[in-house]
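# A look at the structure
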Amino acid sequence: GQQLNQSPQSMFIQEGEDVSMNCTSSSIFNTWLWYKQDPGEGPVLLIALYKAGELTSNGRLTAQFGITRKDSFLNISASIPSDVGIYFCAGPYDNAGNNRKLIWGLGTSLAVNP
Amino acid sequence: DAGVIQSPRHEVTEMGQEVTLRCKPISGHNSLFWYRQTMMRGLELLIYFNNNVPIDDSGMPEDRFSAKMPNASFSTLKIQPSEPRDSAVYFCASSSVNQPQHFGDGTRLSIL
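The model shown is predicted, which means the values in this text are computed figures rather than measured ones.

Thresholds applied
Residues numbered from 1 in each chain as written. Chains lettered and ligands numbered in written order. Predicted model: local features only at pLDDT ≥ 70, side-chain atom pairs only at ≥ 80, totals over all residues. Heavy atoms only, no water. Helix = DSSP H or I, 4+ residues; strand = E, 2+ residues; numbered from the N terminus. Rg over C-alpha atoms; globule rule 2.2 N^0.38 Å. Buried < 20%, exposed > 50% of the residue type's maximum accessible area, 1.4 Å probe, protein only. Contact = heavy atoms within 4.5 Å. Areas by Shrake-Rupley, 256 points an atom, 1.4 Å probe, with all protein chains shown as cover. Lys, Arg positive; Asp, Glu negative; His and termini not counted. Charge placed at Lys NZ, Arg CZ, Asp CG, Glu CD. Core = buried A, V, L, I, M, F, W, Y, C linked by side-chain atoms within 4.5 Å. Polar contact = N/O pair within 3.5 Å; in protein donor to acceptor, adjacent residues only side chain to side chain.

### Focus on the overall build of chain B
- For chain B, the count of helices and strands is zero helices and eleven strands.
- In sequence order, chain B lays out its α and β elements as β-β-β-β-β-β-β-β-β-β-β.
- For 112 residues, the compact-globule formula gives about 13 Å, and the C-alpha radius of gyration of chain B, at 13 Å, lands near that figure.
- Referenced to the eigenvectors of the C-alpha coordinate spread, the extents of chain B come out at roughly 40 × 25 × 25 Å.
- Taking all 112 residues of chain B together, the buried fraction comes to 49%.
- Long-range contacts, defined here as pairs at least 24 residues apart, represent 53% of the contacts in chain B between residues at least 6 apart.
- When the accessible surface of chain B is totalled, it reaches about 5600 Å², and 49% of it is carbon and sulfur.
- Distance between charge centroids for chain B: 3 Å, based on 10 positive and 12 negative side chains.

### Structural notes on the nonpolar core
- Formed by 22 residues in total, the largest nonpolar core has its most connected members in A:Trp32, A:Trp34, A:Leu74 and A:Leu110.
- Of all elements in the fold, only strand E2 (10–14), strand E3 (19–25), strand E4 (32–37), strand E5 (44–49), strand E7 (61–65), strand E8 (71–76), strand E9 (85–92) and strand E11 (108–113) of chain A reach the threshold of two or more residues within this core.
- What A:Leu74 contacts, discounting residues up to four positions off in sequence, is A:Val19, A:Ser20, A:Met21, A:Trp34, A:Leu46, A:Ile47, A:Leu61, A:Thr62, A:Ala63 and A:Tyr87.
- Counting 21 residues, the second-largest nonpolar core is a separate cluster that includes B:Leu32, B:Trp34, B:Ile79 and B:Cys92.

### A few points about unusual backbone geometry
- Here the bond from A:Ser7 into A:Pro8 is cis, since omega is -5 degrees, no more than 30 degrees from zero.
- Structurally, the position occupied by A:Pro8 is in the loop between strand E1 (4–7) and E2.
- The linkage connecting B:Gln80 with the following residue, B:Pro81, adopts the cis geometry, with an omega of -5 degrees.
- Within the secondary structure, B:Pro81 is located in the loop between strand E8 (74–79) and strand E9 (88–95).
- With a phi close to 50 degrees, B:Asn51 is a non-glycine residue in the positive phi region.
- Classification of B:Asn51 as partly exposed rests on a relative accessible area of 49%.

### Comments concerning the side chain of B:Glu44
Residue and element names in this part refer to chain B.
- Following the sequence through the fold, Glu44 ends up in strand E5 (residues 42–50).
- According to the relative accessible area criterion, Glu44 is buried, its value standing at 15%.
- Within polar-contact distance, the side chain of Glu44 engages the side chain of Arg41 at 2.6 Å.
- Setting aside chain neighbours within four positions, we find Glu44 in contact with Trp34, Tyr35 and Arg36.

What follows is the structure in structure tokens.
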């Protein structure tokens, strides 16, 4: 079955630094989703990507759908303490129109030093 | 607007007891998902419903786990009998057609 690999597994940065993380799949995706999970809460959708090459921003966050359709990147500019959390990528289990069932990366844990 | 509501937020019980987790999806969403999250395995989809009908339960670990959705505004996940290895955070999520999933805040389950 399809697998998602997220890297890095964890990051510890200084406030104000930019952050970059990525996700790769073993097969082609037609959708990429990026979620953030704060401690004690459920994942919250940050950005959804639906087209190869698409570049989408949400405030200080920018995500890109890779041209090969097998990868995606999430960048955070000028990090702040509230960016702390776990960032997950997710994609459809299959590309046969079933966008309901997702597979998930294991997450990138981000810590920000004020 | 109210998000996905899960109860209880925390549950501690002894091995062998029955556990029931509850979920109220976002009004108007027609798909509901139950996930389990652990450090070792991350987020795992257990089962999902579409229009109250179970579509895929291939992620349900074993017969001790069961899920129901009697109507569009309520679902339960039941574990009977519970075992220590069932300890995890259980999330419910809902979505409308071809839209991303929205998650509740989870139930942290500890089986002693």
